[in-house]
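Architecture at a glance
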Amino acid sequence: MTDSSKHRQLAVAIVRDISPKDLVAVQAWAEGLIAIKEGNQSRLNKARAAIALTLVSKIVWPAVKSAAATTKKIGWDDRSSTARLGLAGAGVGLALFGGQSAGIAALGTAIGLPLWIVLGAGSAFAGVFVEEIRRARASTTDQSNPSQNPMD
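All of these numbers come straight from a predicted model, not from anything done at the bench.

1. Brief notes about the overall build of the protein
- Along the backbone of the protein there are eight helices and zero strands.
- Along the protein, helices and strands appear, N-terminal first, in the series α-α-α-α-α-α-α-α.
- Out of the 152 residues in the protein, the part that is buried amounts to 36%.
- When contacts within the protein are restricted to residue pairs at least 6 apart in sequence, long-range pairs at least 24 apart make up 76% of them.
- Surface exposure of the protein reaches about 8700 Å², of which carbon and sulfur atoms provide 57%.

And the structure:
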């Protein structure tokens, strides 16, 4: 199975668990992480921005925790020891030098997801995730506004 198909399966599973009303906020959060990833900031500033975005997006927090649990396998279990060391180092660095209690939260599982997206290989997942959110929102809109058939 390719990484792309794994990402799609994971995104579908996560989006399925998010309530339709929260999809808009989760989409904005994921798009924000992609923008941070593509920015010209240092890795430390990107990590701080990702955590800040996640903490500010309070409506997203339950979905992020759910997504973090689901992505643990891809974001941690299937990573090399070098990648794990990098993620752990980022978490410890934020714990020691981050502000506004972000350091404490950085040690939690939920912070691993935005760091994986911004600093690791998760940006490919983020694109697929946003795509699946858009598809789910379109499906929800179509179901809530069925078109009227003029022949009825």
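We are not done yet, so read on.
2. Observations concerning the nonpolar core
- If you look at the biggest cluster of nonpolar residues, it comprises 26 residues, and the most contacted ones within it are Trp-29, Leu-33, Ile-117, Phe-125 and Phe-129.
- Those residues in contact with Leu-33, other than ones at most four positions away along the chain, are Ala-50, Leu-53, Pro-114, Ile-117 and Val-118.

3. Considerations on the pattern of salt bridges
- On inspection of all chains with the given rule, the structure shows four salt bridges.
- Across the pair Arg-8 and Glu-131 runs a salt bridge whose closest N-O atoms are separated by 2.9 Å. Taken together, the positions of Arg-8 in helix 1 (residues 3-17) and Glu-131 in helix 8 (residues 123-144) put the pair 123 residues apart, joining distant regions of the chain.
- The class of Glu-131 is partly exposed, set by a relative accessible area of 36%.
- The salt bridge partner of Arg-135 is Glu-132, with a shortest N-O separation of 2.7 Å. Here Arg-135 pairs with Glu-132, and both are found in helix 8, just three residues apart, close to one helical turn.
- Residue classification places Arg-135 among the partly exposed residues on the basis of a relative accessible area of 47%.
- Under the relative-accessibility criterion, Glu-132 is labelled buried at 7%.
- It is possible to trace a salt-bridge network through shared partners that takes in Arg-8, Glu-131, Glu-132 and Arg-135.

4. Side note on the environment of Leu-113
- Position of Leu-113 among the secondary structure elements: in helix 7 (residues 109-119).
- Taking relative accessible area as the criterion, Leu-113 reaches 3% and is therefore assigned buried.

5. A short note on the packing of aromatic side chains
- The tally for this structure, following the rule as stated, stands at one aromatic pair.
- For the ring pair Phe-125 and Phe-129, a centre distance of 5.4 Å and an interplane angle of 20° mean the geometry is stacked. Separated by four residues within a single helix, Phe-125 and Phe-129 lie in helix 8, roughly one turn from each other. In this pair, the class of Phe-125 matches that of Phe-129, namely buried.

6. Remarks on the side chain of Lys-46
- Secondary-structure assignment places Lys-46 in helix 3 (residues 43-56).
- Although Lys-46 is buried, it forms no salt bridge, and the closest oppositely charged side chain is Glu-38 at an N-O distance of 9.3 Å.
- When near neighbours in sequence (up to four residues on either side) are disregarded, Lys-46 contacts Ile-36, Lys-37, Gly-39, Gln-41, Val-118 and Leu-119.

7. Quick word on the packing of helix 2 (residues 23-38) against helix 3
- At their nearest, the axes of helix 2 and helix 3 sit 10 Å apart, and the two run at 170° to each other. Here helix 2 lies roughly antiparallel to helix 3, going by the angle between them. Contacts between helix 2 and helix 3 pair Trp-29, Gly-32, Leu-33, Ile-36 and Lys-37 from the former with Lys-46, Ala-49, Ala-50, Leu-53 and Thr-54 from the latter.
- Of the residues assigned to the contact of helix 2 with helix 3, the class counts are six nonpolar, two polar and two charged.

Thresholds applied
Residues numbered from 1 in each chain as written. Predicted model: local features only at pLDDT ≥ 70, side-chain atom pairs only at ≥ 80, totals over all residues. Heavy atoms only, no water. Helix = DSSP H or I, 4+ residues; strand = E, 2+ residues; numbered from the N terminus. Buried < 20%, exposed > 50% of the residue type's maximum accessible area, 1.4 Å probe, protein only. Contact = heavy atoms within 4.5 Å. Areas by Shrake-Rupley, 256 points an atom, 1.4 Å probe, with all protein chains shown as cover. Core = buried A, V, L, I, M, F, W, Y, C linked by side-chain atoms within 4.5 Å. Salt bridge = Lys/Arg side-chain N within 4 Å of Asp/Glu carboxyl O. Phe/Tyr/Trp six-rings, centres within 6.5 Å; stacked < 30°, edge-to-face > 60°. Lys, Arg positive; Asp, Glu negative; His and termini not counted. Axes fitted to C-alpha atoms, helices over the stretch in contact; angles between N-to-C directions. Parallel < 35°, antiparallel > 145°, perpendicular 65-115°, else oblique. Nonpolar A, V, L, I, M, F, W, Y, C, P; charged D, E, K, R; others polar.

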